[in-house]
Amino acid sequence: MSRPTPTPTSAAPSADWTLPEAPHALTAAEALRRLGVSPAQGLSEQEAQARRKRFGANAVATRATAGAVRMLLHQVSSPVIWLLAAAAALALWFGERVDAAAILGVLTINAAIGWATERKAARAIEALRALGGHAARVRRDGAERTIAAEDLVPGDIVVLDAGDAVPADLLLVAASRLSADESSLTGESVAVDKTAEPVPAEARLGDRSSMLFKGSAVTRGSGIGVVVATGLATQLGQVTRLVLEADAGRSPLERRLARLSAQLVWATLALAAAIAGLGLAGGRDLLLMLEAGVALAVAAIPEGLPIVATLALARGMWRMARRNALIERLAAVETLGATTVILTDKTGTLTENRMTVRRLCTASGDAAAEPTDSPGDTQPDAAAGGEDVAATERTLLLRVAALCNDAQLDGSGVSGQGDPMEVALLRAARQAGLDEAALRAAQPRLRTHAFDPATRMMATMHGENEGVLVAVKGAPESVIAAAVFAGAAAGTTEMDAATRQAWLGRADRLAQDGLRVIACAMKHVASTEDDPFADLVFVGLIGLEDPIRSAVPGAIRDCRRAGIRVVMVTGDHAVTARSIGRAAGLVSGDEQVVEGAAIEQAIAAGPAALRRISIFARVSPAEKLALVKAYQAAGDVVAMTGDGVNDAPALRQADIGVAMGLRGTDVAREAAAMVLLDDAFTTIVMAIHQGRIIFQSIRRFVAYLLGCNLAEVMVVGLAVSTALPLPLLPLQILYLNLSTDVFPAFALALGEGEAGLLAAPPRNPKEPILGRREWLAIVLHGAAMAAATFAAMGLAEILALTSEQSVTVTFLTLAFAQLWHVFDMRGLRTGLLANEVTRNGWIWGAIALCTVLLALPPYVPPVAAILRLVPLNAAMWGVVLGCSLGPLLLSQAVITVIGGRRRIGEAPAPDR
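None of these values were measured; they are calculated from a predicted model.

(A) View of the pattern of salt bridges. Across all of its chains, the model carries 29 salt bridges by this definition. The salt bridge partner of Glu144 is Arg137, with a shortest N-O separation of 3.9 Å. Under the relative-accessibility criterion, Arg137 is labelled partly exposed at 22%. Across the pair Arg611 and Asp636 runs a salt bridge whose closest N-O atoms are separated by 3.3 Å. One end of the pair, Arg611, is in the loop between α21 (607-610) and β23 (615-617); the other, Asp636, is in the loop between α22 (621-633) and β24 (638-642), with 25 residues separating them in the sequence.

What follows is the structure, encoded as structure tokens:
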């Protein structure tokens with residue numbers, strides 16, 4: 001491949017130099033002068049080393065990852081942990097070593113689980129660094145050499161050919177038919193033509209045709225550029241800085257659990273202080289009051305909550321993984337259920353990221369590339385022989401497009417190597433029965449005139465029996481202007497002004513439909529030395545697009561039924577974005593598409609204005625990040641989908657960052673909280689449904705655990721405040737919290753959820769885990785179980801049981817009452833015997849296991865000694881079973897009555 005020759009310049013190496021601002025607006029000569037470098041000589045090695053010291057390595061920065069000790073400290077930073085640790089210290093002070101060891105054991109288990117599931121290490125920056133970790137060809141001291149990309153400095157002269165990765169931000173000094181793939185930075189779905197001509201200073205990133213950016217790749221041609229930015233100063237580096245600055249924050253679930261934990265701690269401290277004050281005022285022993293305080297601390301805190309929450313979220317993660325949604329952060333599982341807005345990228349997310357021929361326009365009319373019933377097709381009358389003429393013209397159009405083509409299809413005929421648009425042309429030709437290999441063998445290429453940004457055309461010359469065939473393709477306005485005839489199967493006609501204007505109008509209509517339009521022409525000449533672009537015969541137009549994924553419209557309808565807004569945020573042009581939006585069902589007509597600089601104005605207009613916009617186009621990485629923050633500030637829970645480097649900051653900032661697993665860059669995948677292994681937008685809808693199921697499960701098992709713990713608090717608190725002996729000991733409470741509480745709670749977390757969850761609107765993002773209704777139910781259930789425990793204590797007195805027997809009876813009464821309490825977690829509108837709890841096989845397994853764990857300890861001497869239990873006789877078992885079933889029977893009667901009233905007064909709806 002011939003390499004471009006730089007325009008001569010007087011610039012020479014100089015110690016007096018500056019980094020140019022807005023280099024894309026400068027001529028190459030002016031930029032070289034400011035950088036103090038000659039394009040032929042390059043920098044001297046001495047000057048390069050001096051600049052390396054000043055600017056550092058051409059690499060992006062990294063965020064320091066948390067070490068093992070720091071991660072461990074994070075696990076013990078909760079107020080709940082501090083309260084339990086204080087309880088353990090008090091138990092140790094009293095000489096209750098077994099109690100202290102048990103509490104510390106629980107803390108150790110919780111910390112170990114949290115530390116093992118810590119998944120917040122930021123690997124996104126390492127992936128960004130990998131994008132720049134290539135070699136680069138530079139000119140230094142007048143010679144061309146290869147150096148590590150990280151050693152590049154401003155002013156280096158870099159040489160690039162097709163297939164090279166761009167190692168830094170470069171201003172082009174010279175370019176020969178150069179194109180670059182910048183999709184990961186700008187969202188542009190096709191390669192961008194590059195020239196050495198300056199552009200306006202205010203040009204947006206995707207319009208800076210005189211620049212090549214670090215992290216992009218040269219797809220065609222060759223060029224010579226001067227480095228104008230390295231490291232964090234590059235566009236890729238600025239994306240890196242945005243990722244570093246973006247605050248992933250805590251998920252809504254983490255915030256709710258933290259708030260609930262803080263409330264429990266303060267409530268426990270207040271209750272313990274009040275009871276201790278009452279006891280001391282009544283003349284109770286100080287040490288006894290402190291022991292009661294330890295018991296209250298252990299009773300009030302649901303030690304099993306972190307374990308159950310972690311395992312429930314982990315199971316949700318595994319369930320989603322089986323359905324192609326890989327969750328990177330556990331808490332993100334639940335957050336999906338609260339999603340109110342999805343900000344979705346276009347290229348590779350809503351679309352297939354695969355250019356496809358959609359329309360073929362010839363003199364006989366417009367037609368789809370494949371048979372279609374589209375009302376836009378203007379098919380000729382087959383009965384009059386028109387279809388044969390039209391088919392011949394379309395075949396000729398595809399034949400010219402296949403010959404004037406540098407791409408290669410693979411054996412499958414689906415993908416290939418080369419420019420994506422040229423691959424699409426070959427694929428359409430093969431579908432029409434034209435094999436590119438056979439065409440090239442029959443009409444071998446003799447000469448190539450590569451695409452020239454100045455003429456915006458490409459030509460190839462092919463040998464044939466009676467001379468040379470010239471095949472041309474390019475921009476419609478350029479090819480139409482160069483044509484003197486318009487071709488048709490029945491012959492050619494003169495390309496007069498009216499015909500020329502008609503073809504331009506047809507090209508404009510295709511462009512307004514969001515299609516990329518190219519024109520094809522041909523002619524026969526005697527020699528390869530003839531001008532390839534003179535006196536052309538115009539053949540027709542081809543419209544291409546990156547098609548919408550077939551399942552996307554249905555998925556967007558599902559989102560709307562679920563009360564979730566879907567907004568397209570793309571770096572592509574407004575016309576293309578609107579076309580895809582119509583195909584996806586985001587917009588139905590000519591609704592406003594906010595573009596470029598107007599995005600800041602839309603954000604400033606407030607939440608109401610934002611919610612009227614469904615498409616944002618020509619969006620920069622910083623603007624994507626600003627949009628996410630704006631929606632979050634408006635109270636939305638934001639899911640952001642994307643696959644490119646340009647999406648990484650917004651993916652990290654969003655409540656749920658969703659990256660594409662197949663086509664996504666490493667940067668996007670590492671910055672996201674969820675990765676779609678199949679790149680299917682429909683998988684997001686499935687994940688949202690699972691998130692809602694998980695939140696419902698979390699709400700139920702938290703209510704269950706707190707109901708059980710409140711009963712324990714009431715039993716201990718009332719006993720102390722009324723001068724009764726402690727009916728429960730701290731170690732017994734701890735045993736209940738880690739056995740009979742944990743297993744039923746985890747079984748609740750494994751439920752499949754109620755029907756209709758996805759049809760309900762998203763819950764209020766500010767809605768707590770437990771609302772007023774749940775707290776009222778917790779208090780009533782706790783009071784009922786506490787009353788049953790005191791009833792058992794009273795019956796023990798009547799039966800004249802010893803103190804050890806009385807403690808055993810009250811312990812087991814409360815334990816079995818808590819076990820039966822799991823059946824109170826059914827929905828108000830469900831049946832007494834057939835409901836989501838009784839249909840859950842895990843519930844029955846948990847009940848069987850817990851029954852064994854409760855019934856055996858009194859009969860196993862070592863365990864009985866630790867828990868201070870004694871074997872039970874028949875009368876004692878009668879008291880236990882009779883009293884423990886009382887709260888269940890009462891609560892089921894109340895639930896049935898309330899549920900019946902609601903079914904009469906309201907239409908059925910899922911309990912969330």
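(B) Highlighting the nonpolar core. Counting residues in hydrophobic clusters, the biggest one holds 106 residues, and the most contacted among them are Phe681 and Phe701. For this core, the element with the highest residue contribution is helix α25 (residues 681-721), accounting for 20 residues. Not counting residues up to four positions away in its chain, the partners in contact with Phe681 are Ile342, Thr344, Thr349, Leu350, Val552, Ala555, Ile556, Cys559 and Val566. Formed by 31 residues, the second largest nonpolar core is a distinct cluster that contains Leu360, Val400, Ala401 and Leu425.

(C) Representation of the environment of Leu780 within the structure. Mapped onto the secondary structure, Leu780 falls in helix α28 (residues 772-798). For Leu780, a relative accessible area of 55% gives the class exposed. C-alpha of Leu780 to C-alpha of Ser891: the two residues are 111 residues apart in sequence and 8.8 Å apart in space.

(D) Representation of the packing of aromatic side chains. Counted under the stated rule, the structure contains 6 aromatic pairs. Note that Arg51 overlies the ring of Trp17, its terminal NZ or CZ placed 3.8 Å from the centroid. If you follow Arg506 out to its NZ or CZ, it ends over the ring of Trp503, 4.4 Å from the centre.

(E) Up close: the sheet that holds strand β8 (residues 325-327). Pairing within the open sheet is mixed, and its 8 strands lie in the order β8-β26-β25-β24-β9-β21-β23-β22. Two strands lie at the open edges of the sheet, namely β8 and β22 (593-595), each paired on one side alone. Between one strand axis and the next, the sheet turns through 20 degrees on average, direction left out of account. Note that β24 and strand β25 (residues 656-660) share 4 bridges and pair parallel. Residue pairing for β25: Ala639 is matched across the bridge by Ile656. Contacts from α22 reach β9 (341-344), β21 (565-569), β23 and β24, with the element oriented near 160 degrees to β24. Here α25 sits on the sheet in contact with β8, β9, β21, β24, β25 and β26 (674-676), set at roughly 160 degrees to β9.

(F) Looking closely at helix α14 (residues 420-431). Taking 1.5 Å of rise per residue, the 12 residues of α14 would be expected to cover 16 Å, and the 17 Å separating its terminal C-alpha atoms lies within 8% of that figure. Of all 12 residues that make up α14, 9 are buried, and the element is covered over most of its length. For α14, every residue scored as buried is listed here: Met421, Glu422, Val423, Ala424, Leu425, Leu426, Arg427, Ala428 and Ala429. Downstream of α14 by a residue or two, Gly433 has a phi angle that is positive, lying close to 90 degrees.

(G) Fine view of the packing of α25 against α28. Viewed as axis vectors pointing N to C, α25 and α28 meet at an angle of 45 degrees, and their least axial separation amounts to 8 Å. In terms of their interaxial angle, α25 and α28 are classed as oblique. For the pair α25 and α28, the crossing hand works out as right-handed. Residues Arg699, Ala703, Leu706, Gly707, Cys708, Leu710, Ala711, Met714, Val715, Leu718 and Ala719 of α25 form the contact with α28, whose own contacting residues are Glu774, Trp775, Ile778, Val779, Gly782, Ala783, Met785, Ala786, Thr789 and Phe790.

(H) Geometry of the environment of Glu202. Position of Glu202 among the secondary structure elements: in the loop between β5 (192-194) and β6 (211-212). A C-alpha to C-alpha distance of 8.5 Å links Glu202 and Ala22, two positions 180 residues apart in sequence.

(I) Region of the structure containing a nonpolar patch on the surface. Taken together, the side chains of Val852, Leu856, Val860 and Val863 define a hydrophobic patch exposed on the protein surface, amounting to about 280 Å² of accessible area. Examined against the element boundaries, Leu856 turns out to sit in the loop between α30 (841-855) and α31 (861-867). Residue class for Leu856 comes out partly exposed when judged on its relative accessible area of 47%.

(J) Focus on α25. Here α25 is 41 residues long and its end C-alpha atoms lie 59 Å apart, about the 60 Å a rise of 1.5 Å per residue gives. With respect to burial, α25 is a largely interior element, 35 of its 41 residues being buried.

(K) How the structure looks around the packing of α25 against helix α27 (residues 742-749). Following both chains from N to C, one finds α25 and α27 inclined at 160 degrees, their axes separated by 8 Å at the closest point. With respect to α27, the axis of α25 lies roughly antiparallel. Here α25 runs over α27; the crossing is right-handed. Side by side, α25 and α27 meet where Ser697, Arg700, Phe701, Tyr704 and Leu705 of the first sit next to Pro744, Ala745, Leu748 and Ala749 of the second.

(L) Just the pairing of strand β2 (residues 143-148), in detail. Sheet analysis places strand β1 (residues 135-140) next to β2, joined by 6 bridges and oriented antiparallel. Looking at β2, one finds that Val138 is bridged to Arg145. In textbook terms, the turn of a hairpin is the stretch between consecutive antiparallel strands, and for β1 and β2 this stretch comprises 2 residues, one of which, Asp141, has a positive phi near 55 degrees.

(M) Spotlight on unusual backbone geometry. One non-glycine residue, Ala22, lies in positive phi territory at about 45 degrees. In this structure Ala22 comes out as partly exposed when scored by relative accessible area, which is 31%.

Calculation notes
For every chain, the first residue of its written sequence is number 1, and the numbers climb from 1 along that sequence. Per-residue local features are limited, in this predicted model, to residues with pLDDT of at least 70; the limit for side-chain atom pairs, both in listing and counting, is 80 or more; totals at the level of whole chains, interfaces and linings are taken over all residues. No hydrogens and no water enter the side-chain calculation; it runs on all heavy atoms of the structure. For this analysis, a salt bridge means a side-chain nitrogen from Lys or Arg found within 4 Å of a carboxyl oxygen belonging to Asp or Glu. The rule is simple: take the accessible area with a 1.4 Å probe, protein chains only, and divide by the maximum for that residue type; under 20% is buried, over 50% is exposed, in between is partly exposed. For the purposes of this entry, the term helix denotes a DSSP run of H or I that reaches at least four residues, the term strand denotes a run of E that reaches at least two, and both are numbered from the N terminus. For our purposes a nonpolar core is just a set of buried Ala, Val, Leu, Ile, Met, Phe, Trp, Tyr and Cys residues, chained together by side-chain atoms within 4.5 Å. For this analysis, residues touch if any pair of their heavy atoms sits within 4.5 Å. Aromatic pairing here means that ring centres of Phe, Tyr or Trp (its six-membered ring) are within 6.5 Å. Orientation follows from the plane angle: under 30 degrees is stacked, over 60 is edge-to-face, and everything else is tilted. Remark: a charge is flagged as sitting over a ring if the NZ atom of Lys or the CZ atom of Arg is within 6 Å of the ring centre and within 35 degrees of the ring normal. At least two bridges found by DSSP between two strands is the condition for calling them paired. Fitting a line to C-alpha atoms yields each axis, with helices limited to the stretch in contact; the angle taken between N-to-C directions then spans 0 to 180 degrees. Each residue after the first adds 1.5 Å to the expected span of a helix. The scheme is simple: roughly parallel for angles under 35 degrees, roughly antiparallel for over 145, roughly perpendicular for 65 to 115, oblique for anything else. Handedness of a helix crossing follows the sense of rotation of the near helix relative to the far helix, less than a right angle counterclockwise being left-handed and clockwise being right-handed. Like charges within 9 Å and nonpolar side chains (Val, Leu, Ile, Met, Phe, Trp, Tyr) within 5 Å are joined into patches, using only residues over 30% in relative accessible area that form no salt bridge. All accessibility values rest on the Shrake-Rupley procedure with a 1.4 Å probe; residue burial counts only the protein chains present in the view.

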